[in-house]
Amino acid sequence: MSENGYTIIEIPESLTVRELAARIETSPIDVIKQLMANGVMANINQQIDFDTAAIVMEEFGFEAKHILPPDVEQGDQGAAVPYWRRLIGDEDPKALQSRPPVVTMLGHVDHGKTTLLDAIRETNVAEGEVGGITQRIAAYQVVHNGRRITFQDTPGHEAFTAMRARGAQGADIAVLVVAADDGVMPQTREALAHARAARVPVLVALNKIDRSSANPDKVKHELSDVGLVPDDWEGDTIVVPVSAKMGEGIEDLLEAIILIADSTEIMANPSGKVIGTVIEAELNKLKGIMATLLVQNGTLKVGDVVIVGTTYGRIRAMFDYQGNQIEQATPSTPVSVLGLSDVPMAGELFSVVESERSARAIATQRKLQAQEAKVQPRTMSLDQIFQAFQAGETKELRLVIKADAQGSVEPITSSLEELSAGDIKVNVLHAATGNINENDIMLAAASDAIVIGFNVVADQAARRVAENEGVNIRIYDVIYRLTEDIEKALKGMLEPEIRQVVLGRAEVRVIYRIPRIGHIAGCMVLAGELRRNANIRVLRGEQVVFDGQVASLKHEKDDIREIREGFECGVGLKGFDKFETGDILECYTEETVAVE
Ligand SMILES: Nc1nc2c(ncn2[C@@H]2O[C@H](COP(=O)(O)OP(=O)(O)OP(=O)(O)O)[C@@H](O)[C@H]2O)c(=O)[nH]1
Ligand SMILES: [Mg+2]
């Protein structure tokens, strides 16, 4: 017990939301809620630092105490180094070699992070971005005076707290970009807090000095107020005046980065255990699942089996930051890889294992652990949200949006936000590309939001969690239908909702060809039952390959109306017969639920 009567619990310098929830025996949803109440948007697999965890724990009546593993290096303030670096702690000190510094650009929205990176690389990323706002971290390398430096961008918009936190976590040096005409702003302070939490040295790029409204002295005062006293004011923070637009001060900035890099030991073992962090990942329509990884130790090679959380796969192809195909990547190298079976979570650590078999074993183990972390069932369905809306309890319709392409995310988000009228507001909590996953559902559950999918499907884990949590998923393929629905919803006139009830699942074991009819799937019912007058969804891995009605259902030679778990049957579908063995047939009915 602590002085204030709180139970003391030991936690490490950094842990995932899931681990924190398990330690305080609370639902991860409640932890996510509490984080949100404190302005931190985090998903269940995300790392949060000790200070953040301590605040949340206090709300639940616990006091946090540090546990430091014995091999943790101590910084000058006696502070622990970031989590991933501790994993390198096991490497033989003799095998360590210096590697390029990883530099993260942090700062308030529009202060010029992306433009500054462009000036450094002399390329042009900002113009190609949707709406000119960086939505995800991107990473690249430059060579300055023969020295390689890895840069990472982060978004400055307030909604992207978690991405800034992750950017700081993976960095050796943080460049805090502050516009000379705007000064220290809320996300400047927040970014600084993340860098400090991750014990990363901070350097300030005082940008936009070309502007007539630039006031460097005023900004230096503000920097001093937050503890960053400039070196020319006898402090120890390097402040480099730059103009990303005019390309001024870039050399000085790179020199300052090298100076800081040289005063810190930036090491890794290129022949050690391969670990690193997922920087971003997306479902690419042409190429499949593309993940950008930052290698932090060891050498990642084509053909390696990578595991991230519960996702794994053998790397089929690897590309450097310029899109050139490469065979291997040494520490501090950002690479895009093809071959993972599912979209991994940005910010998660990856590692290499010896075979797909052991990857599968680890993934299964992790899935089981995840299931054990018990989740409180809750029910806040779409109609209840609207009821709350009508009763005046809610003035905000919260949405989580997933779409197939970045080009759709932006128009959908803005057209929905435009529906806000008077004091009724549409609030898009999160919008991204890719299938609807477990994290989207968790976020929606924690904030009473609805999940909207556009040309995507919900993966199996997501559907399971949505069912447990009572989260509403609505899938559309035409934008105007989507906006029309939400508009009706806002006016409380939504059409009755169709709810799907899953009856059972069967696995395709053999395929029979029946002349003039086509192919029939010989199945084993794995759970529940299949019914003749119901619908069937054909699942191949995570993909839904067909969704439609049952044409025939037979047991041995007889036509039947239903068949239960443990029995074999023959299934024909209306308009589909391209079965493959291993396909899962999910049988469901639709129920109409009236909206009051
Ligand atoms: N005059 C002037 N404008 C600049 C300078 N650097 C950036 N800008 C402009 O500031 C705006 C924002 O720049 P970005 O590089 O997109 O800013 P950011 O920090 O990456 O913004 P987010 O990613 O949205 O957080 C753009 O219109 C740039 O052209 C500069 O040195 N001088
Ligand atoms: Mg940007």
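Right, let's walk through the structure included here. All figures in this text were calculated on a predicted structure; none of them were measured in a lab. (Residues numbered from 1 in each chain as written. Chains lettered and ligands numbered in written order. Predicted model: local features only at pLDDT ≥ 70, side-chain atom pairs only at ≥ 80, totals over all residues. Heavy atoms only, no water.)

Quick look at the site of ligand 1
Logical step 1: With respect to spatial proximity, 20 residues lie near ligand 1, and among them Lys-113, Thr-114, Thr-115, Gly-156 and Asp-210 are the closest.
Logical step 2: A distance of 2.8 Å separates an oxygen atom of ligand 1 from a polar atom in the side chain of Thr-114.
Logical step 3: A distance of 3.4 Å separates an oxygen atom of ligand 1 from a polar side-chain atom of Ser-243.
Logical step 4: Within the complex, 85% of the 650 Å² of free accessible area of ligand 1 lies under protein.
Logical step 5: With three residues, the top contributor of residues to the shell around ligand 1 is helix H5 (residues 113–121).
Logical step 6: In the shell around ligand 1, the residues fall into four nonpolar, 10 polar and six charged. (Near = heavy atom within 4 Å. Polar contact = N/O pair within 3.5 Å; in protein donor to acceptor, adjacent residues only side chain to side chain. Areas by Shrake-Rupley, 256 points an atom, 1.4 Å probe, with all protein chains shown as cover. Helix = DSSP H or I, 4+ residues; strand = E, 2+ residues; numbered from the N terminus. Nonpolar A, V, L, I, M, F, W, Y, C, P; charged D, E, K, R; others polar.)

Thoughts on the sheet that holds strand E26 (residues 473–476)
Logical step 1: Taken in spatial order, the four strands make up an open sheet running E24-E23-E25-E26, and their pairing is parallel. One side of each edge strand has no neighbouring strand; the edge strands of this open sheet are strand E24 (425–433) and E26. Taken over all neighbouring pairs, the strand axes of this sheet differ in orientation by 25 degrees on average, direction set aside.
Logical step 2: As defined by bridge partners, strand E25 (residues 450–454) adjoins E26 across four bridges and the pair is classed as parallel. Its bridge partner being in E26, Ile-452 is matched across the sheet by Arg-474. (Pairing = 2+ DSSP bridges. Axes fitted to C-alpha atoms, helices over the stretch in contact; angles between N-to-C directions.)

Focus on the nonpolar core
If you look at soluble globular proteins, the nonpolar side chains tend to sit buried side by side.
Logical step 1: With 39 residues, the main nonpolar core has Ile-11, Leu-20, Val-31, Leu-35, Ile-48, Met-57 and Ile-441 as its most contacted residues.
Logical step 2: A per-element tally of this core places helix H13 (residues 438–446) first, with six residues.
Logical step 3: Residues in contact with Met-57, not counting those within four places in the same chain, are Ile-9, Ile-11, Leu-20, Ile-24, Phe-62, Glu-63 and Ala-64. (Core = buried A, V, L, I, M, F, W, Y, C linked by side-chain atoms within 4.5 Å. Buried < 20%, exposed > 50% of the residue type's maximum accessible area, 1.4 Å probe, protein only. Contact = heavy atoms within 4.5 Å.)

Some remarks on the side chain of Glu-348
Logical step 1: Summarising the element assignment, Glu-348 is placed in the loop between strand E21 (334–338) and strand E22 (349–353).
Logical step 2: Buried and unpaired, Glu-348 has no salt bridge, with Arg-366 as the nearest side chain of opposite charge at 6.3 Å. (Lys, Arg positive; Asp, Glu negative; His and termini not counted. Salt bridge = Lys/Arg side-chain N within 4 Å of Asp/Glu carboxyl O.)

Structural notes on the sheet that holds strand E6 (residues 102–107)
Logical step 1: On the basis of which strands lie adjacent, the open sheet formed by six strands has the order E7-E8-E6-E9-E10-E11 and mixed pairing. Looking at which strands have only one partner, the edges of the open sheet turn out to be strand E7 (139–144) and strand E11 (239–241). Neighbour to neighbour, the strand axes of the sheet diverge by 30 degrees on average, direction disregarded.
Logical step 2: Direction of pairing for strand E10 (residues 202–207) relative to E11: parallel, over a ladder of three bridges. Across the sheet, the residue bridging to Ala-205 is Val-240, located in E11.
Logical step 3: Sheet contacts for helix H8 (residues 216–225): strand E9 (173–179), E10 and E11; angle to E10, the most-contacted strand, approximately 155 degrees.
Logical step 4: Of the strands in this sheet, E6, E7, strand E8 (147–152), E9, E10 and E11 are in contact with helix H9 (residues 250–263), which crosses E8 at around 100 degrees.

Topic: the packing of aromatic side chains
Logical step 1: Tallied over the entire structure, the rule returns two aromatic pairs.
Logical step 2: Consider the rings of Phe-546 and Phe-576, whose centres lie 4.9 Å apart with planes at 20 degrees: the pair is stacked. Of this pair, Phe-546 sits in strand E30 (residues 543–555) while Phe-576 sits in the loop between strand E33 (568–573) and strand E34 (584–593), and the two are 30 residues apart along the sequence. Summarising the burial analysis for this pair, Phe-546 and Phe-576 share the class buried.
Logical step 3: A centroid spacing of 5.4 Å and a plane angle of 90 degrees characterise the contact between Phe-576 and Phe-579, whose relative ring orientation is edge-to-face.
Logical step 4: Pairwise contacts between aromatic rings join Phe-546, Phe-576 and Phe-579 into one cluster.
Logical step 5: The ring of Tyr-140 carries Arg-121 above its face, with NZ or CZ at 3.6 Å from the centroid.
Logical step 6: Directly above the ring of Tyr-588 sits Arg-537, whose terminal nitrogen or CZ lies 4.4 Å from the centroid. (Phe/Tyr/Trp six-rings, centres within 6.5 Å; stacked < 30°, edge-to-face > 60°. Lys NZ or Arg CZ within 6 Å of the ring centre and 35° of its normal.)

Read these as layout, nothing more, since geometry by itself doesn't imply function.
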